[in-house]
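# Breakdown of the fold
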Amino acid sequence: MSQTAAHHFEIVGSFLRPEELKKAREEFASGVITTEELKTIEDQAIEQLVKKQKAVGLKTISDGEFRRSYWHLDFFWGFKGVEHNVMDQGYLFHGEETRADSARLSGKLKFNPEHPVFEEYRFLKTISDGTPIRQSIPAPAQLYAELIRGANEEKVNEFYPNREELYQAIATAYRETILALYELGCRDIKLDDCTWGMLVDKKFWENMTNGDYDLQAIQAFYLRLNNEAIANLPNDLHITTHICRGNYHSTWATSGGYEPVGETLLGHEEVDAFFLEFDDDRSGDFEPLRYVPINKQVVLGLVTSKEGTLEDKATIVKRIKEASQYVPLEHLSLSPQCGFASTEEGNILTEEEQWEKINLIIDVAHEVWGTNS
């Protein structure tokens, strides 16, 4: 994999959907407009977003996940053998229940050469004018977690009574998808992953499993799955991961510092950089960063995407210096803690506040690392 350093100011990927795009998706769902008409509106919205990203000076661009309803489920539905289903209940976040959509098996899981992620990338490449693109996809472990969630597990037992076969199917489908993106020209892929953010929350897992779980065994499985999917990829392909604790309409799912998973995740996941949430007390302190190998980057999510109040610049600078006790300053970067719209609902802030947050991140980066950062 590539050892290209991350830039010192970053984004996680998703942006607030413009009102005209939200309206178009509603009209498409109700049959008022066609697939082609929706795509035209999506194209126009993405073109405007790319112009804004370039105007503020971002060094990698995203399509804002404007073609997706969810950061993860739309991607899962794109595989062969995975279908869209609706659970009896959504995830219970703190303050709100998510929509109840999910992904479950409908057959053997396989790579899909017509996966919608390829069209996402192709279109963005045509309007990027050479600006590097970071393609965000959910991590392999995230797919596994969704497939065994609640009643979904019945389908896993039907098609994969041997879980090792499911493991191999996920790793293979991901690897083939990543290589197909590479053939299209993609050189920067980020794996978004809530599984580790759930593992650090003891209460969450006790509720999920009635206390019957082996934290070390689950970590080892997730690590093996993620690493096998990205093993032996081309040397110029930059792979990063974002570790999330849930981000739905400005609510969150889990709490806890990285210490319980630090040695496994930060010490052994074979990515080039870690995007880590550190925007509030729920994220713990920086001490687990001691596990990060010397040649890897850490992107500090010190600016919250969940609300519009602008952080104090001096406080962010101070926290970056605190983190540099564990990771050399030149290997650190700054970003929002998560995307601004992990689902199409978006977080509770305005588009203007969203761009003010990004401008703040760039200003701080220039102060800490210099104007060429």
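Overview of the structure. Just so it is clear, the structure is predicted and the values come from calculations on it, not from any experiment. (Residues numbered from 1 in each chain as written. Predicted model: local features only at pLDDT ≥ 70, side-chain atom pairs only at ≥ 80, totals over all residues. Heavy atoms only, no water.)

## Focus on the overall build of the protein chain
The number of helices and strands found in the protein chain is 13 helices and 10 strands. Here the C-alpha radius of gyration of the protein chain, 20 Å, is about what a compact globule of 373 residues would show, namely 21 Å. The principal-axis extent of the C-alpha atoms belonging to the protein chain is close to 55 × 50 × 45 Å. Expressed as a percentage of its 373 residues, the buried residues of the protein chain come to 58%. Considering only contacts within the protein chain whose residues lie at least 6 apart along the sequence, 79% involve residues at least 24 apart. Within the structure as shown, the protein chain displays about 15300 Å² of accessible surface, and the carbon and sulfur contribution to it stands at 49%. Distance between charge centres in the protein chain, computed from 38 positive and 63 negative side chains, equals 2 Å. (Helix = DSSP H or I, 4+ residues; strand = E, 2+ residues; numbered from the N terminus. Rg over C-alpha atoms; globule rule 2.2 N^0.38 Å. Buried < 20%, exposed > 50% of the residue type's maximum accessible area, 1.4 Å probe, protein only. Contact = heavy atoms within 4.5 Å. Areas by Shrake-Rupley, 256 points an atom, 1.4 Å probe, with all protein chains shown as cover. Lys, Arg positive; Asp, Glu negative; His and termini not counted. Charge placed at Lys NZ, Arg CZ, Asp CG, Glu CD.)

## Some details on the pattern of salt bridges
This structure, assessed with the given rule, holds 27 salt bridges. R68 is the salt-bridge partner of E120, the closest N and O atoms lying 3.0 Å from each other. In this pair, E120 sits in helix α4 (residues 116–127) while R68 sits in the loop between α2 (35–56) and α3 (73–77), placing the two residues 52 residues apart along the sequence. Judged by its relative accessible area of 2%, R68 is buried. Between R99 and E345 there is a salt bridge, with its nearest N and O atoms 2.6 Å apart. (Salt bridge = Lys/Arg side-chain N within 4 Å of Asp/Glu carboxyl O.)

## Quick word on unusual backbone geometry
Glycine aside, negative phi is the norm for most residues, and most peptide bonds take the trans geometry. With a phi angle near 55 degrees, N232 is a residue other than glycine that sits in the positive phi range. Even without being glycine, S250 reaches a positive phi, approximately 70 degrees. Looking at the element boundaries, S250 is found in the loop between β7 (238–243) and α11 (259–268).

## A word on the nonpolar core
Membership of the largest hydrophobic core comes to 99 residues, with the highest contact counts inside it found for L289, L300 and I320. Ranked by residues supplied to this core, first place goes to helix α7 (residues 163–183) with 10 residues. Sequence-distant contacts of L289, that is, excluding residues within four places in its chain, are made with L266, L276, F278, V298, L300, A323, Y326 and V327. (Core = buried A, V, L, I, M, F, W, Y, C linked by side-chain atoms within 4.5 Å.)

## Remarks on the environment of F278
Topologically, F278 is positioned in the loop between β8 (273–277) and β9 (297–303). Placed 140 residues apart in sequence, F278 and P138 show a C-alpha to C-alpha distance of 20 Å. Not counting residues up to four positions away in its chain, the partners in contact with F278 are Y258, S283, G284, D285, F286, L289, L300, G301, L302 and R319.

## Quick word on the packing of aromatic side chains
Throughout the structure, instances matching the rule amount to 14 aromatic pairs. Considering the side-chain rings of F15 and W355, the 5.2 Å spacing of their centres and the 20 degrees angle between planes classify their relative orientation as stacked. Pair noted here: F15 is in the segment before α1 (19–29) and W355 is in helix α13 (residues 351–369), with a separation of 340 residues, a long-range link. Classification of F15 as buried rests on a relative accessible area of 0%. Measuring from ring centre to ring centre gives 6.1 Å for W196 and Y222, while their planes differ by 75 degrees; the resulting arrangement is edge-to-face. You can see W196 sitting in helix α8 (residues 195–199) and its partner Y222 sitting in helix α10 (residues 215–229), a full 26 residues away along the chain. On the accessibility criterion, Y222 (4% relative accessible area) is buried. Linked through ring pairs, Y144, Y167, W196, F221 and Y222 together constitute an aromatic cluster. (Phe/Tyr/Trp six-rings, centres within 6.5 Å; stacked < 30°, edge-to-face > 60°.)

## Observations regarding the sheet that holds β9
Pairing between the strands of a sheet is mediated by backbone hydrogen bonds and can be parallel or antiparallel. Read from one edge of the open sheet, six strands run β5-β6-β7-β8-β9-β10, paired in parallel fashion. Looking at which strands have only one partner, the edges of the open sheet turn out to be β5 (135–138) and β10 (332–336). The mean angle between the axes of side-by-side strands here comes to 25 degrees, regardless of whether they run parallel or antiparallel. Two elements, β9 and β10, share five bridges in a ladder whose sense is parallel. The partner of V303 across the bridge, within β10, is P336. On top of the sheet, α13 reaches β9 and β10; it is set at about 165 degrees to β10, its chief contact. (Pairing = 2+ DSSP bridges. Axes fitted to C-alpha atoms, helices over the stretch in contact; angles between N-to-C directions.)

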